Amino acid sequence: MSDRKIIAVVGATGAQGGGLVQAILKDAQGGFAVRAITRDASSAKAQALAQRGAQVVAADLNDEASLVKALAGVHGAYFVTNFWEHFSPEKEQAHARNLVAAAKHAGLKHVIWSTLEDTRKWVPLSDDRMPTLMGKFKVPHFDAKGEANAYFTAAGVPTTFLLTSFYWDNLIHFGMGPKPGPEGRLAFTLPMADRKLAGIAAEDIGKCAYGIFRKGAETIGKTIGIAGEHLTGAQMAAALAKALGREVVYNAVTPEQYRGFGFPGAEDLGNMFQFYSEFEDYFCGARSLDVSRALNPELQSFSDWLARNGQRIPLA
Ligand SMILES: NC(=O)c1ccc[n+]([C@@H]2O[C@H](COP(=O)([O-])OP(=O)(O)OC[C@H]3O[C@@H](n4cnc5c(N)ncnc54)[C@H](OP(=O)(O)O)[C@@H]3O)[C@@H](O)[C@H]2O)c1
């Protein structure tokens, strides 16, 4: 263990970090050990990671001192913040600041910051194609992360900026799967007309991150975008129909209709899909499938993901 480089993983009990923890544990000869960071080291998920061989250390993104302790002695770290727990871009940025300060204090050699675009660089607040949200954002959960990139650069933390994609797992966990329509057919709703969505199996984010740690120094200072496939809503509906053995139609609503759906975060997501769709060339271009596959040779397509997970999608 002592000659292995330790990677600390924030969000180790979650989707992104969990994939990275599993990738490191699975590659016993890979030269890395893993430290899982969680707020509750006694939780069932944390205990399961400990049983598989991860060091489990308690820390809270709200508490810089706890992060400093948790990062002591590690080579590198994976940092992700969870907007959806509090819906506050300011809080997400405070978490990023604490992570940067702790990384600096611990003298980390390599950080991966799980980030997204600051969409205001493409759609300034004055552009009324989509509403400004929370006073100063277009897509709050994107913009907060993108703006926080500069904290890492300004502090001189050796960072790889990882641009993630839409998880297909949202069809299971985020209520985005197909739903029965009036004629009993399943309808898959996205506000993306005929544009392509860059999607990925959530666990592949962690596997790609592992590939980045393995590459090491050459990735520092770079922005790397990842996706498993770029598909239109119609193509996703067709793949769903094949996997589920039922008719699935693509229900292409407008971003405005989507923003009006009323669930928590609907406006943020409506703006996000509008951004994906109106800047499709940029967005998919920044998330190369070849780069993703080189980092993670097990990269799943949507059909691969459906073959393993399709039956877990709630259809009611
Ligand atoms: N859904 C998507 O399609 C998508 C796509 C791209 C990016 N994202 C971004 O992904 C982020 C969420 O990541 P995820 O999906 O991997 O999360 P997740 O599966 O919901 O799990 C959240 C993780 O964050 C940890 N966490 C939350 N608050 C914490 C705190 N205060 N201190 C320490 N750890 C904390 C939790 O650890 P414990 O509970 O064990 O403490 C847990 O491991 C969001 O910001 C979202 O914007 C999502």
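See above for the structure.
Residues numbered from 1 in each chain as written. Predicted model: local features only at pLDDT ≥ 70, side-chain atom pairs only at ≥ 80, totals over all residues. Heavy atoms only, no water.

Caption draft 1: Just the site of the ligand, in detail. The environment of the ligand is made up of 27 residues, and the closest members are Thr 13, Thr 38, Thr 81, Lys 145 and Tyr 167. One nitrogen or oxygen atom from the main chain of Ala 15 is found 2.8 Å from an oxygen atom belonging to the ligand. One of the side-chain nitrogen or oxygen atoms of Asn 170 is found 2.8 Å away from an oxygen atom of the ligand. Burial of the ligand by the surrounding chains reaches 84%, relative to a free accessible area of 940 Å². Counted by class, the shell around the ligand contains 10 nonpolar, 12 polar and 5 charged residues. (Near = heavy atom within 4 Å. Polar contact = N/O pair within 3.5 Å; in protein donor to acceptor, adjacent residues only side chain to side chain. Areas by Shrake-Rupley, 256 points an atom, 1.4 Å probe, with all protein chains shown as cover. Nonpolar A, V, L, I, M, F, W, Y, C, P; charged D, E, K, R; others polar.)

Caption draft 2: Representation of the packing of helix 1 (residues 15-26) against helix 7 (residues 202-215) within the structure. Taken N-terminus to C-terminus, the directions of helix 1 and helix 7 make an angle of 55 degrees; their axes are 7 Å apart at the nearest point. Our classification of the angle between helix 1 and helix 7 gives oblique. Here helix 1 runs over helix 7; the crossing is right-handed. Listed contacts from helix 7 to Ala 15, Gln 16, Gly 19, Leu 20, Ala 23 and Ile 24 of helix 1 are Ala 202, Glu 203, Ile 205, Gly 206, Lys 207, Ala 209, Tyr 210 and Phe 213. Within the contact of helix 1 with helix 7, the residues separate by chemical class into 9 nonpolar, 3 polar and 2 charged. (Axes fitted to C-alpha atoms, helices over the stretch in contact; angles between N-to-C directions. Helix = DSSP H or I, 4+ residues; strand = E, 2+ residues; numbered from the N terminus. Parallel < 35°, antiparallel > 145°, perpendicular 65-115°, else oblique. Left-handed = near helix turned anticlockwise from the far one by under 90°. Contact = heavy atoms within 4.5 Å.)

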